[in-house]
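Residue-level listing of the chains:
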Amino acid sequence: MTGGPKDGDTEEEFLRSPFIRKQGNIYKPNNKDMDNESLNEKTMEDFHTKEIDLVNRDPKHIIDDVVKVDFEDVIAEPAWTYSFDGVWKASFTTFTVTKYWCYRLLTALVGIPLALIWGVFFAILSFIHIWAVAPFVKSFLITIHWVSRIYSITVHTFCDPLFEAMGKCLSGVRVRTSKEV
């Protein structure tokens, strides 16, 4: 077993304490339990056990403008027709609580299977990109490098002098327009 009791700890304290990595607990973001030496060294990040922020769940603001649907966005009463205040409050509470709990129920039932499917999908996509697309593009660029060299030489040899001569011939042409009434 790795990571046995440290000096001064008893076997019983070690068995009862929750496992905390040397870098900090993954469920407590910004845990300051790190030693100064590891802060100064440049280390590889472990992306499989990176800390997860349970407060800000959309740090890159991916869903900012997509699902902002509040009660006022769906149900509105004009000034000349108001329902009873109690009905309005009950409708607001019913809408908000129903939306909240339906979302939680759906994520509990479907969230983990969809996370599995999306994980597999992006793993396959990454695999294809790393092992097929990138090498193919690199080999294609290496292969057509000689074609680009021949094309460049051909253009500079034949087309550049032709168009330069045409430009010098036509540079003296002046066009004047006049309107007669």
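Note that the coordinates shown come from a computational prediction; the quantities given were computed from them, not determined experimentally. (Residues numbered from 1 in each chain as written. Predicted model: local features only at pLDDT ≥ 70, side-chain atom pairs only at ≥ 80, totals over all residues. Heavy atoms only, no water.)

**Quick notes on the overall build of the protein**
For clarity, the threshold we go by: Working definition: helices are DSSP H or I runs of at least four residues, strands are E runs of at least two. Numbering for both runs from the N terminus. Residue burial is assigned from relative accessible area. The probe radius is 1.4 Å, only protein chains are included, and a residue is buried under 20% of its type maximum, exposed over 50%, and partly exposed in between. Any two residues whose heavy atoms approach within 4.5 Å at even a single point are treated as in contact.
The helix and strand tally for the protein stands at 5 helices and 0 strands. The N-to-C order of helical and strand elements in the protein reads α-α-α-α-α. Taking all 181 residues of the protein together, the buried fraction comes to 3%. Long-range pairs, those at least 24 residues apart, make up 32% of the contacts in the protein with a sequence separation of at least 6.

**Structural notes on the layout of surface pockets**
For the record, the criterion: A 1.4 Å probe that fits into a set of points on a 1 Å grid over the protein atoms alone but cannot get out defines a cavity; an open set with protein on both sides within 12 Å along at least five of seven lines defines a pocket, and lining residues are those with an atom within 4 Å of a point. Grid points are joined across faces, edges and corners, and a volume is the space filled by probe spheres set on the points.
Here the largest pocket defines a volume of roughly 830 Å³. Looking at the largest pocket, it is lined by 17 residues, and the ones nearest its centre are Arg57, Ile63, Val67, Tyr103 and Thr107.

**A closer look at the packing of aromatic side chains**
The line we're drawing: Here is the rule: rings of Phe, Tyr and Trp (six-membered ring for Trp) pair when centre to centre is within 6.5 Å. Planes less than 30 degrees apart are stacked, more than 60 are edge-to-face, and the remainder are tilted. We call a charge positioned above a ring when the Lys NZ or Arg CZ atom is no farther than 6 Å from the ring centre and deviates by at most 35 degrees from the ring normal.
Throughout the structure, instances matching the rule amount to 8 aromatic pairs. An angle of 75 degrees between the planes, with centres 5.2 Å apart, marks the rings of Phe121 and Phe122 as edge-to-face. Its relative accessible area of 40% is what places Phe121 among the partly exposed residues. Overall, Phe122 belongs to the partly exposed group, its relative accessible area being 45%. Through a chain of ring-to-ring contacts, the aromatic side chains of Phe71, Trp88, Phe92 and Phe95 assemble into a single cluster. The ring of Trp101 carries the charged tip of Arg104 above its face, separated from the ring centre by 5.4 Å.

**Topic: the UniProt feature "transmembrane region" (unreviewed entry) in the protein**
What counts is decided by this rule: UniProt positions are given in the numbering used here, feature names are shortened, and annotations may be inferred rather than shown by experiment.
Sites flagged by UniProt as "transmembrane region" (unreviewed entry) map to residues 105-132. Note that residues 105-132 is 100% helix and 0% strand, and that its end C-alpha atoms are spaced 40 Å apart.

**Considering the pattern of salt bridges**
Using the following cut-off: In the sections that follow, a salt bridge refers to a side-chain nitrogen of Lys or Arg positioned within 4 Å of a carboxyl oxygen of Asp or Glu.
Tallying each qualifying case throughout the model produces 1 salt bridge. Note that Glu164 and Lys168 form a salt bridge whose closest N and O atoms lie 3.8 Å from each other. In this pair, Glu164 and Lys168 both sit in helix α5 (residues 145-170), 4 residues apart, roughly one turn of the helix. Of the residues examined, Lys168 reaches a relative accessible area of 60% and is grouped as exposed.

**Concerning the confidence of the model for the protein**
The line we're drawing: pLDDT is a residue-level measure of predictor confidence that goes from 0 to 100.
Put simply, the protein has an average pLDDT of 78, and 73% of its residues get 70 or more. Scored below 50 in pLDDT, residues 13-21 shows 8 contacts in the model against residues more than four places distant or in partner chains. Of the regions scoring below 50 in pLDDT, residues 32-42 engages in 4 contacts with residues more than four places distant in sequence or in other chains.

**Description of helix α4 (residues 85-143)**
Applied cut-off: Helix span, as expected, comes to 1.5 Å for every residue beyond the first. Take the seven residues that end at a residue and the seven that start at it, fit an axis to each, and the angle between those axes is the bend at that residue.
The end-to-end C-alpha separation of α4 is 75 Å, well short of the 87 Å expected for 59 residues at 1.5 Å each. In the structure, α4 departs most strongly from a straight axis at Val110, where the bend amounts to approximately 50 degrees and where the proline Pro113 lies between one and four residues downstream.

**Points about the environment of Ile75**
Among the secondary structure elements, Ile75 is positioned in the loop between α3 (71-74) and α4. A relative accessible area of 35% means that Ile75 is categorised as partly exposed. Considering only alpha carbons, one finds Ile75 and Trp88, 13 residues apart in sequence, at a separation of 9.9 Å.

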